[in-house]
Structure formats: C-alpha cells, structure tokens
Amino acid sequence: MTHPYVFGIRHLSPAGAWHLRQFLTEKKPRLVLVEGPGDFNELMVDITRPETKPPIAILAYTKEAPVRTVLYPLAEYSPEYQAICWCKEQGVECRFMDLPSGVFLALPSGRQERTEGEEERMGVYERLDRQAGEDGHETFWERVMEHAQDVDGYCEGAALFGSGLREAGQKPDTERAETLVREAFMRLRIREALEEGFAPEEIVAVTGAYHVSGLLSEDALPMTEEELASLPRVEASHTLMPYSYYRLSARAGYGAGNKAPAYYSLLWEALQRGDLQYVPQVYLSRIAGYQREHGTPVSSAEVIEAVRLANSLAGLRGGKSPVLRDLRDAAVTCLGGGRFSAVSLAMADTEIGTAIGALPEGVSRTSIQEDFYRQLKEWKLEKYRDITAQDLPLDLRENRNVSSRKAAFLDLHRSFLLHRLRVLGIRFAVQQKVNQDNATWAEHWVVRWTPEAEIELVEAALKGDTVEQAASFAMKERVETAPGMGEIAGVIEDAFTCGMASAVAYATAALQAMAVDAASLEELAATADRLSVVVQYGDIRHLDAAPLVPILCQIFYRACLILPGACVCDDAAGKGMVTAAEQLNRASLAHDFLDSRAWLDALEETAKRDDLNTKLSGFAAAILLERGCMDSGQLNLEVRRRLSKGVPAELGAGWFEGLAMKNRYALIARLSLWESLDAYLDTLDEEDFKRALVFLRRAFADFTAMERDEIAENLGEVWGLNGQQVSESVNQVLQETEQKMVEDLEGFDFDF
C-alpha cells in the first residue's frame, strides 16, 4: 500500500459510525486520523470520559474582539466520536488532522459564496434524488447509505457519492480554495505519520466523503512547510460545551446536520442491536405514546398496522427496512387518520427530541463558564438547564420560613444572576412583565438553555473571568460610550437589578458629571424617572440608594425650570413633552424630598401661558386638577378663557384634548365643563367647527363606551334631551356622507 486507508463518512451518520467501528476492528490500525482541527487533540481525553454524554460540541473562538466562533458538534452516532471512543477502548493513538482552529477562524468567511455553493450542491442532490425516485436528499441518503448492509458497501458508496459531488458540483472560488488548502494540510499530516514510522496499512484516515478522492489523488501533493507558515491565523481558544438535539436539527455548526437527530439516535440503537426492525417498532410506538399523553387515543392494533404499512412501503421502494419517509407515511395513515396535522407534534417530538449533552464538572471550560455552572448549582437552578422553556417566578422578599440567610434570599440571588446574564446579552432567561402596584418584589422569568446561550457565555469571557466581572465590564463600556444621561441612568437601573454596588457608584459619578451640561426636558425627565424607580424600590435589593438622592433632586429641579420653555413646540414634539411631564409628576408624587413647589409652579405657568402648545397647557391643567391644586372656580375660568369665540378653533380644541388626557371621571362629573364646551361649539362657523372637530375626535378617541355614555347623559341634560337618546345618537354608525366628511378631515389644511 502507498496510501493509508481512507474511510469516507457523513458527519452525522449512524451507519457510518457503526461500519467505521467494524472497519477499525477488522484493520487493527496503530493510528487513526480524524477530520477535525489539529489543535483539538488534548480534548480527546475529556471527550471519552465516562461522565461525558453526547451531544456535545467543540467551540473554537478568537481571543480578541470581535469574537468569531466555529462549532464542531458531535452526537453519539457521529463517526468521528465513535472513532475516538474506539481508539480509547483499544489503546490506539488518535489525532485530529485538519487545519488548526486559528487558521479556520482567520480564513475569509465567504458567506455569500458559500450560499451560492450550497445552492449548486443542492442542485446536484436534487438530480440524484429524482434519479433515485426519492422525495429529498435525506431520504435518498438514508435508504442508500444508512441501510447499507456491510462495511465494504458503505465505504464504496460513500467514496462514490463524494467523488460524484466533486465532479458534478462547481464550488465557488472561496470554498474551492479552502477545500484544496484543507486537503493539502491533511495530506501533510498523513505524510508526517508515515515519516514517523507508521506503515500505510497501519493508518486509517476518517474524513468526509467529499474529501476521499482528494486525499487519495496521485496528482495532489502535501502542503509544504513554507505554505503552512504562510497560512493566515489568529490566536484562538477552544472549549467543550454541551449541545442539544434541537440545535443539531437546525443544521448548525461544522459539517452536515440532520433534521431528525432523535430518530438517527434510534437508528444507531437499532444497528447496535443488529435489528433494523427495532426502528419502526419504537418510532411508531413513541408517536402513539405522545398522542395518548396529549389526549388522543391510539390502540396497539393501530400501531401494529402502522408497522406493517411502513414495511410494505419500504418493500415497494426497493428497501428491506423502512426509512423515515415510510414511517411518516405510515404514521399519518394509521395514527393520524390521514391528516399530517394530527400527528405533526408527535413526529417533531419523536424525531428531534429534547436531549442535551453533559460534561464532567471542570472539563475544558472557560472561567466564566465554570462560574456560571457553579452558580446554577449554588442557587438551585440546575433543573432549568433544559431545552424546554420553563417558568421561574421569583419573590425577592426575605423568606422567614427557612433557617439560613442564604436560603432566605435565594430568589434575590437568582434575580441577580439572571439580570447579570441579561446585561451581557446571554439569552438563558427572558424576563416577563409582572403587574404589581407600588412594589417590585415579584419577577417572572422564562428560562431555557440553548447552545446559543453557551456560545454567548464563552464570548463574554473577553469581558471578565466571572459573570459579575463581565457584567461590570459591559456596564462600564456603556457608561463610557453613553451619548446622554438617559443611557447612564439605564446603566444605574441595571446595576441595581444586578445587585452590583460598585457599578452603581461609577455610573452615578458619570451621571453627575454629565448633569452639569445642558440637556433636553425629555432626557432630564426620563433620567429622573429611572432614578426615581431605583431610589423608591432599591431597598428590596439591599443596595444603598442614598447617593442617588442629590443627583435626582438636581435633575428634577432643572427639569422644572425648563418645562414652560420646552412647551413652545408643535404637536409632534408635544408627544414627548406629555411623556416627560408624566414622568416628572410621577417622581414628584413618589418622593417627599423633591421640590414639589418648583414642580407645581412650573405646571401653573405652563397651564396659564397662551404662547405655549395649547395641548400641553391643557395637560398641565389636568395634572394640577388631579393633584387638587386647581379648584372648580379656577377650572371654569380657564375653560371660559380657552373655549371662547376669539380663540382659534384648533387652539381651543387642542387645549381640551390635553385636559381630557387625565382625570376623565372627574371631568365627566363636571356639568359646567360640558356646558362651556357646548357654548363654545355654538359660536363656531362651519369651517371653524371642522377645525375643532379634528382635535375633539382625537381627544375622545380613547374614551370607553361607558365614558361616552356618561358624557351623552351630561349633554342630554345640557340640551334638555333624554340621555339615552343622545347616547344612541352619539354611538350610532355614521352615514356614508358623514363617514366621508370625517375621512376628509384627516387631511384638513390648517394654513400652516
């Protein structure tokens, strides 16, 4: 022999894994070379430890930002995994033989070109599928390769399939160049093994079927040392991580994925048993079990019929055992009454599965991963490391029914961890909205572990060695790049929810420095609102909010001073002013230490001035009325002044719109208000009435049906009519001509 044995596989192939083990047992090599980055060799010890449970993945990542990653997932039925395990069992040396991960991460991604290449390859697959009479490549591959009866048949079929793809498919330049570089490097590793003294027949190289002919080609040469030295590379690290069948089903990561990982695991079990009939029996039984658990009765007789039908379908298509397509057809026919929708969820559960891999504690993790898993254990969150989303309600108050302080504040520490992960952008848990008045002790999270969360955790390693350190670094970055006060206030709010006093301190110092500069009312109000919440409810997180009080007072007072001037604006800008006034009023009501006199003075000036946006003047009056700082006499005087014949219709109606944004029941109960509004409308000519109607329709748009009925009763009393009749008239469907007139108002020209 001049070449070692080259065994071509598909990266997630139960039959490939099974026949490869038989091949290795038959050939008894002294060295097995496996396709995979050459700098992963030291991970083989951890991969084969008894506590390691696939699916797992090797994650390689750059050490500098922006972090780039590449994944190499392994299932129990991955040929590469079984090759490593066989070597461990037999005491045979095993090495990865592909380019180091630092080279892979330095190579151009060629994403667009890869997409085009995949389309070209899929075209080749489709031609093969049509020629074989199958409905897709998965079915073609399973019937031809996964049911191969012997080692030689699988080897020859895989090699033929790979060489056929090379001849029929034209890869784009970027991908073709990468393939040639990789194969040259693998040939170099083979030559090095031969130079070490291994005979060709003592070496087995395990690689993707596509590369078999490339490694065996007489015309292709190994990479030279000069070519190796010229390869681009970046400093990279790698780690083992748990993976999931759900993620494998998405065809993510290195190599080919498969849409039905739990099904292929079942096929792997059947191959180990030496009985492919195990697959239809268990697959269809699991479908039936799922249906029964979810309220759909399925009999044993129906399962037996489904197994028979699957075998018959396989026979019609030239197979000895059913493939997944046959099983699906049988399940739909016998267990779903001919309807795919009836068994679709059961199929997804049976074919994809919820399996998550596991690693021994301390195995090949970054320090931040170690800290994360330590905290999951410490705060009793390990059961939530599951692919299925689970609800996690938290009560941040002290639990007085337990003996230790740690147990008493268990949920509080859980909250700290989940908020720190949120700040880092690690999607392990998503916070849900909780309705609670005047309290922040309850939280509701939906927790779900995904490989993506693990990758995000690894990426966060650049920010710190622990979750807390990384969160602190992330918040400091946000402070240093914050364009305004609102963003820094957001950091302070996050720091409080994370329970990180030091982060609160440096963010507060930065906010104080920025507060001396000019800021808009909206920014001041939003900042005051966030600080107000932190000060009001900070005690629940056991952090001292006292340092925030002086800066909150400073920001609030500045906002009071500029409120009237900021209300010289158009209606578009007025929306932001309404929000700002609401935020400032909320803060004023929440804290006695804020200058309420300055706030009320600002509201009174805004309510009285005629040169401001009248909607905002009306809204200021509404706040004063709500706070009991405007009596009926003052309101009536203001109504008569604002809703008088000399005031342009849009200004008067705009003022009423602002007034109606708060205290609706109080306004509805004031008959004098509706008398004034009625009298005002009577003074308007047709054009002015149309102007007023635009604003009045907007003012009443959010009123409930009950509120409109109560207004109708008031108007009935003003007009001397029956309130019920007025209500019916107000709420009736518009005539066609009336509807057109209303639609025309949307484009009304106000001559400005």
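From a predicted model like this one, the values you see are computed outputs, not experimental measurements.

Asker: Teacher, can you tell me more about the environment of Lys463 here?
Answerer: Mapped onto the elements, Lys463 comes out in the loop between α20 (451-459) and α21 (467-480). Assessed through its relative accessible area of 30%, Lys463 is described here as partly exposed. Taking the C-alpha atoms as reference, Lys463 lies 5.8 Å from Phe473; in sequence the two are ten residues apart. With near-sequence residues (within four places) excluded, Lys463 lies in contact with Leu424, Gln469, Ala470, Phe473, Ala474 and Glu477.

Asker: Which parts of the structure should I look at to understand the packing of aromatic side chains?
Answerer: Geometry of an aromatic ring pair is reported as the spacing of the ring centres plus the angle between the planes. All told, the structure shown has 15 aromatic pairs when counted by the stated rule. Judged by centre distance (6.0 Å) and plane angle (15 degrees), the ring pair of Phe7 and Tyr154 falls under stacked. Of the two residues, Phe7 is situated in strand β1 (residues 5-9) and Tyr154 in helix α7 (residues 151-168); the sequence distance between them amounts to 147 residues. Taken individually, Phe7 and Tyr154 each receive the classification buried, so the pair is uniform in this respect.

Asker: I would appreciate a short explanation of the pattern of salt bridges in the present structure.
Answerer: One side chain can pair with another of opposite charge once the charged atoms of both are near each other. Under the defined criterion, the tally for this structure stands at 42 salt bridges. Arg478 serves as the salt-bridge partner of Asp494, at 2.9 Å between the closest nitrogen and oxygen. Here the residue Asp494 occupies a position in helix α22 (residues 485-497), and Arg478 occupies one in helix α21, the gap between them amounting to 16 residues. Judged by its relative accessible area of 32%, Arg478 falls in the partly exposed class.

Asker: Explanation requested: the sheet that holds strand β6 (residues 203-208) in the structure shown.
Answerer: What links the strands of a sheet is backbone hydrogen bonding, and the strands pair in either a parallel or an antiparallel sense. Overall, parallel pairing links the four strands, which are arranged β1-β6-β2-β5 in an open sheet. The open sheet has two edge strands, β1 and β5 (93-98), and neither has a second partner. Looking at each pair of strands side by side, their axes are set apart by 30 degrees on average, direction ignored. In this sheet, β6 lies alongside β1 in parallel orientation, the contact comprising five bridges. Along β6, the bridge assignment pairs Val6 with Ala205. Of the strands in this sheet, β1, β2 (31-37) and β6 touch helix α1 (residues 14-27), which is tilted by about 170 degrees from β1.

Asker: Help me understand the packing of helix α12 (residues 261-273) against helix α16 (residues 340-352), please; the structure alone is not making it clear to me.
Answerer: Relative orientation and spacing of two packed helices are given, respectively, by the angle between their axes and the distance between those axes. Running from N to C, α12 and α16 cross one another at 55 degrees; their axes reach a closest spacing of 4 Å. Here α12 is positioned oblique relative to α16, judged by the angle of their axes. For the pair α12 and α16, contact is made by Pro261, Ala262 and Tyr263 and by Thr350, Glu351 and Ile352, respectively. Residues belonging to the contact of α12 with α16 are distributed by class as follows: four nonpolar, one polar and one charged.

Asker: Quick question: what am I supposed to make of the sheet that holds strand β10 (residues 442-447) here?
Answerer: Taking strand neighbours across the sheet as the criterion, the three strands line up as β8-β10-β9 in an open arrangement whose pairing is antiparallel. Two strands in the sheet have a free side with no partner beyond their single neighbour: β8 (390-395) and β9 (429-432). Within the sheet, the average angular offset between the axes of one strand and its neighbour, ignoring direction, is 30 degrees. Sheet analysis places β8 next to β10, joined by six bridges and oriented antiparallel. Residue pairing in the sheet places Pro393 in a bridge with His444 of β10.

Asker: Hey, could you run me through the side chain of Arg21 in this one?
Answerer: On the secondary structure map, Arg21 appears in helix α1. Take Arg21: its relative accessible area is 17%, and that puts it in the buried class. A polar contact is formed between the side chain of Arg21 and the side chain of Gln82, at a distance of 2.9 Å. Other than its neighbours up to four places away in sequence, Arg21 contacts Gln82, Cys85, Trp86, Glu89 and Trp268.

Asker: Could you clarify how one ought to interpret α21 in this entry?
Answerer: Side chains of residues three or four places apart in an α-helix project in the same direction, reflecting 3.6 residues per turn. Spanning 14 residues, α21 covers 20 Å between terminal C-alpha atoms, matching the ideal 20 Å at 1.5 Å per step. Within the span of α21, buried status applies to Val467, Ala470, Ala471, Ser472, Ala474, Met475 and Val479. On its buried side, α21 packs onto α17 (367-378), α19 (410-423), α22 and α23 (501-515).

Asker: What exactly am I supposed to notice about the environment of Arg530 here?
Answerer: If you trace the backbone, Arg530 turns up in helix α24 (residues 521-537). When neighbours within four sequence positions are excluded, Arg530 is seen to be in contact with Gly486, Ala489, Gly490 and Glu493.

Scoring rules and cut-offs
Residues numbered from 1 in each chain as written. Predicted model: local features only at pLDDT ≥ 70, side-chain atom pairs only at ≥ 80, totals over all residues. Heavy atoms only, no water. Helix = DSSP H or I, 4+ residues; strand = E, 2+ residues; numbered from the N terminus. Buried < 20%, exposed > 50% of the residue type's maximum accessible area, 1.4 Å probe, protein only. Contact = heavy atoms within 4.5 Å. Phe/Tyr/Trp six-rings, centres within 6.5 Å; stacked < 30°, edge-to-face > 60°. Salt bridge = Lys/Arg side-chain N within 4 Å of Asp/Glu carboxyl O. Pairing = 2+ DSSP bridges. Axes fitted to C-alpha atoms, helices over the stretch in contact; angles between N-to-C directions. Parallel < 35°, antiparallel > 145°, perpendicular 65-115°, else oblique. Nonpolar A, V, L, I, M, F, W, Y, C, P; charged D, E, K, R; others polar. Polar contact = N/O pair within 3.5 Å; in protein donor to acceptor, adjacent residues only side chain to side chain. Expected span 1.5 Å × (residues − 1).

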